[in-house]
Amino acid sequence: MGQDLFKDDTHFKSLISLASDITHEDLEKLCLRGPEKRLRKAHYLQPLLAAVSLGYYNRVKQAGLFPSLVLGHSLGEITSLAASGVVSDEDAVAIAAKRGELMDIAASQCDGGMLAVLFVELDTVRSLLAEIGRSDRIVLANDNAPNQIVVSGDTVLLARFSAMVSERGLGKCKSIMVSGPWHSPFMAFAHEQFRTWVETISFRAPRFPLMLNATAQCETDPQAIRTLITNQLISPVYWRACMNAVRAKHTDAFLEIGPQRVLSGLIRVNGFPKDTVIYNVNNLVGCQRAADALSPPL
């Protein structure tokens, strides 16, 4: 992750240095050498992901590419704040580090996780959750696509939910490799602490349209943006609604900026046609491909 940026990208390395200072961890070493179990801790992983994504986004900007719309999934919403000009790159990394730190603390006080629910309708997922009847311990976390929903909560209740899906032949469940029950009531401590802390960060009106997970709408008011990204800690990510809203804008090209290609897959399963072009900017080669294809003529 970000291996080519570590070589000679001064802006990226300054973000990694900042994140390392904040977390008291050598994040370059952790990112490139592991161990993976430690890397998965949100306190380390979230500022790393933010720095890597913003490192590649900086290269995209240097190539003369600017967005008509910015959005990010869960943590990606923090990097989207910087990409749209709401906060600086440095503040986005600091926000990601504090967010991850508080999430880890909250997760250490429970035994929880997340479960991907495949090929099951949203109404059916909600019905199963209602049948369990413990909205304080297991909840809808992500509505990602028609065939992909995520629930979050107590490990025992996640196992019960998975068994219900399997026994009734409804679909398939798969555990997600995360270190806690994100977007659930178990994050109440993180939510309260983050709400106070984030008031110290200066938020500006976005320079580019910014769509948020909670509403699937673009928001321009800095305080409203601050509130929405804070509440996201205990609220679902409505990614399918975001994709529907973007599709209504007749979007014909996406840049997925950051490690892996998860969102590219979600674009396809959310109904975008085959002629919608997706550029995966997860290395410098991807940056150059997007620049070659989309840069305005001189």
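The structure this text deals with has already been given above.
In short, a report on the structure.

Criteria and thresholds
Residues numbered from 1 in each chain as written. Predicted model: local features only at pLDDT ≥ 70, side-chain atom pairs only at ≥ 80, totals over all residues. Heavy atoms only, no water. Phe/Tyr/Trp six-rings, centres within 6.5 Å; stacked < 30°, edge-to-face > 60°. Helix = DSSP H or I, 4+ residues; strand = E, 2+ residues; numbered from the N terminus. Buried < 20%, exposed > 50% of the residue type's maximum accessible area, 1.4 Å probe, protein only. Lys NZ or Arg CZ within 6 Å of the ring centre and 35° of its normal. Salt bridge = Lys/Arg side-chain N within 4 Å of Asp/Glu carboxyl O. 1 Å grid on protein atoms, 1.4 Å probe; cavity = no way out; pocket = protein on both sides within 12 Å on 5 of 7 lines; lining within 4 Å. Points joined across faces, edges and corners; volume = space filled by probe spheres on them. Nonpolar A, V, L, I, M, F, W, Y, C, P; charged D, E, K, R; others polar. Expected span 1.5 Å × (residues − 1). Contact = heavy atoms within 4.5 Å. Polar contact = N/O pair within 3.5 Å; in protein donor to acceptor, adjacent residues only side chain to side chain. Pairing = 2+ DSSP bridges. Axes fitted to C-alpha atoms, helices over the stretch in contact; angles between N-to-C directions. Core = buried A, V, L, I, M, F, W, Y, C linked by side-chain atoms within 4.5 Å. Right-handed = clockwise from strand over helix to strand, strands pointing away. Parallel < 35°, antiparallel > 145°, perpendicular 65-115°, else oblique. Left-handed = near helix turned anticlockwise from the far one by under 90°. Disulfide = S-S within 2.5 Å.

**A few points about the packing of aromatic side chains**
Here is step 1 of the chain: Per the counting criterion, the structure on display carries four aromatic pairs.
Here is step 2 of the chain: Between Phe-66 and Phe-208, the aromatic rings sit 6.1 Å apart at their centres with planes inclined by 25°, giving stacked as the arrangement. Of the two residues, Phe-66 sits in the loop between helix H5 (42-62) and helix H6 (76-83) while Phe-208 sits in the loop between helix H10 (188-197) and helix H11 (222-231), which places them 142 residues apart along the sequence.
Here is step 3 of the chain: What makes Phe-66 exposed here is its relative accessible area of 53%.
Here is step 4 of the chain: The ring of Phe-203 carries Arg-226 above its face, with NZ or CZ at 4.5 Å from the centroid.
Here is step 5 of the chain: Between Arg-247 and the ring centre of Phe-272, over which it is positioned, the NZ or CZ distance is 5.7 Å.

**Side note on the pattern of salt bridges**
Here is step 1 of the chain: Counting across every chain of the model gives 11 salt bridges.
Here is step 2 of the chain: Here Glu-131 ties to Arg-168 by a salt bridge, and the two come within 2.6 Å at their closest N and O atoms. With Glu-131 in helix H8 (residues 122-132) and Arg-168 in the loop between helix H9 (155-167) and strand E4 (172-176), the pair connects residues that are 37 residues apart, well separated along the chain.
Here is step 3 of the chain: Overall, Arg-168 belongs to the partly exposed group, its relative accessible area being 43%.

**Description of the layout of surface pockets**
Here is step 1 of the chain: By volume, the second largest pocket amounts to about 180 Å³.
Here is step 2 of the chain: Gly-112, Gly-113, Met-114, Leu-115, Thr-155, Leu-158, Ala-159, Ser-175, Ile-176, Val-178 and Ser-179 together form the lining of the second largest pocket.
Here is step 3 of the chain: A breakdown of the residues in the lining of the second largest pocket according to their chemical character gives six nonpolar, five polar and no charged.

**Let's talk about helix H2 (residues 10-23)**
Here is step 1 of the chain: Over its 14 residues, H2 runs 20 Å from end to end, which matches the ideal 20 Å to within 8%, given 1.5 Å per residue.
Here is step 2 of the chain: Those residues of H2 that are buried are in contact with helix H1 (3-8), helix H3 (27-33), H5 and helix H7 (89-108).
Here is step 3 of the chain: At the N-terminal end of H2, a side-chain oxygen is found 3.2 Å from the backbone nitrogen of His-11, two or three residues along, and the residue is Asp-9.
Here is step 4 of the chain: Of the residues flanking the end of H2, it is His-24, one or two places downstream, whose phi is positive at about 60°.

**Concerning the side chain of His-43**
Here is step 1 of the chain: With respect to the helices and strands, His-43 occurs in helix H5.
Here is step 2 of the chain: At a separation of 3.3 Å, a polar atom in the side chain of His-43 contacts the main-chain carbonyl oxygen of Ala-97.

**Structural notes on the sheet that holds strand E1 (residues 112-118)**
Two pairing modes exist for strands in a sheet, parallel and antiparallel, and in both the strands are linked by backbone hydrogen bonds.
Here is step 1 of the chain: Read from one edge of the open sheet, four strands run E2-E3-E1-E4, paired in antiparallel fashion. Looking along the sheet, the strands with just one partner apiece sit at the ends: strand E2 (138-145) and E4. Taken over all neighbouring pairs, the strand axes of this sheet differ in orientation by 25° on average, direction set aside.
Here is step 2 of the chain: In terms of strand pairing, E1 meets E4 through five bridges, oriented antiparallel. Paired with Met-114 across the bridge in E4 is Ile-176.
Here is step 3 of the chain: Of the strands in this sheet, E1, E2, strand E3 (148-154) and E4 are in contact with H9, which crosses E3 at around 140°.
Here is step 4 of the chain: Sitting on the sheet, helix H12 (residues 239-247) touches E2 and E3, and the angle it makes with E2 is about 25°.

**Comments concerning the nonpolar core**
Soluble globular proteins tend to bury their nonpolar side chains together.
Here is step 1 of the chain: The biggest cluster of nonpolar side chains holds 59 residues, and the ones touching the most others in it are Ile-78, Leu-81, Val-87, Phe-203, Ile-225 and Ile-229.
Here is step 2 of the chain: It is H5 that contributes the most residues to this core, 10 residues altogether.
Here is step 3 of the chain: Not counting residues within four places of it along the chain, the set of residues in contact with Ile-229 comprises Glu-77, Ile-78, Leu-81, Phe-194, Phe-203 and Leu-212.

**Some details on the pairing of strand E5 (residues 253-257)**
Here is step 1 of the chain: Of the two faces of E5, the one lined by Phe-254 and Glu-256 is fully buried and the one lined by Ala-253, Leu-255 and Ile-257 carries no buried residue.
Here is step 2 of the chain: In this structure, E5 lies alongside strand E6 (residues 277-281), joined through five bridges in parallel fashion. Bridging from a neighbouring strand, Ala-253 pairs with Val-277 of E6.
Here is step 3 of the chain: With respect to chirality, the unit in which E5 leads through helix H13 (residues 262-269) into the neighbouring parallel E6 is right-handed.

**Considering the packing of H10 against H11**
Any two packed helices are characterised by the angle at which their axes cross and by the distance between the axes.
Here is step 1 of the chain: Between H10 and H11, the least distance of the axes is 9 Å, while the angle of their chain directions is 155°. One finds that H10 runs roughly antiparallel with respect to H11. In the crossing of H10 with H11, the sense of the turn from one axis to the other is right-handed. Together, His-191, Phe-194 and Arg-195 of H10 and Ile-229, Thr-230 and Asn-231 of H11 make up the contact between the two elements.

**Section: the state of the cysteines**
Here is step 1 of the chain: Enumeration over the complete set of coordinates arrives at zero disulfides.
Here is step 2 of the chain: There is no disulfide at Cys-242, and the cysteine sulfur nearest it, in Cys-218, is 9.2 Å away.
Here is step 3 of the chain: Considering cysteine sulfurs only, Cys-31 is the nearest to Cys-287, which forms no disulfide, with 16 Å between them.

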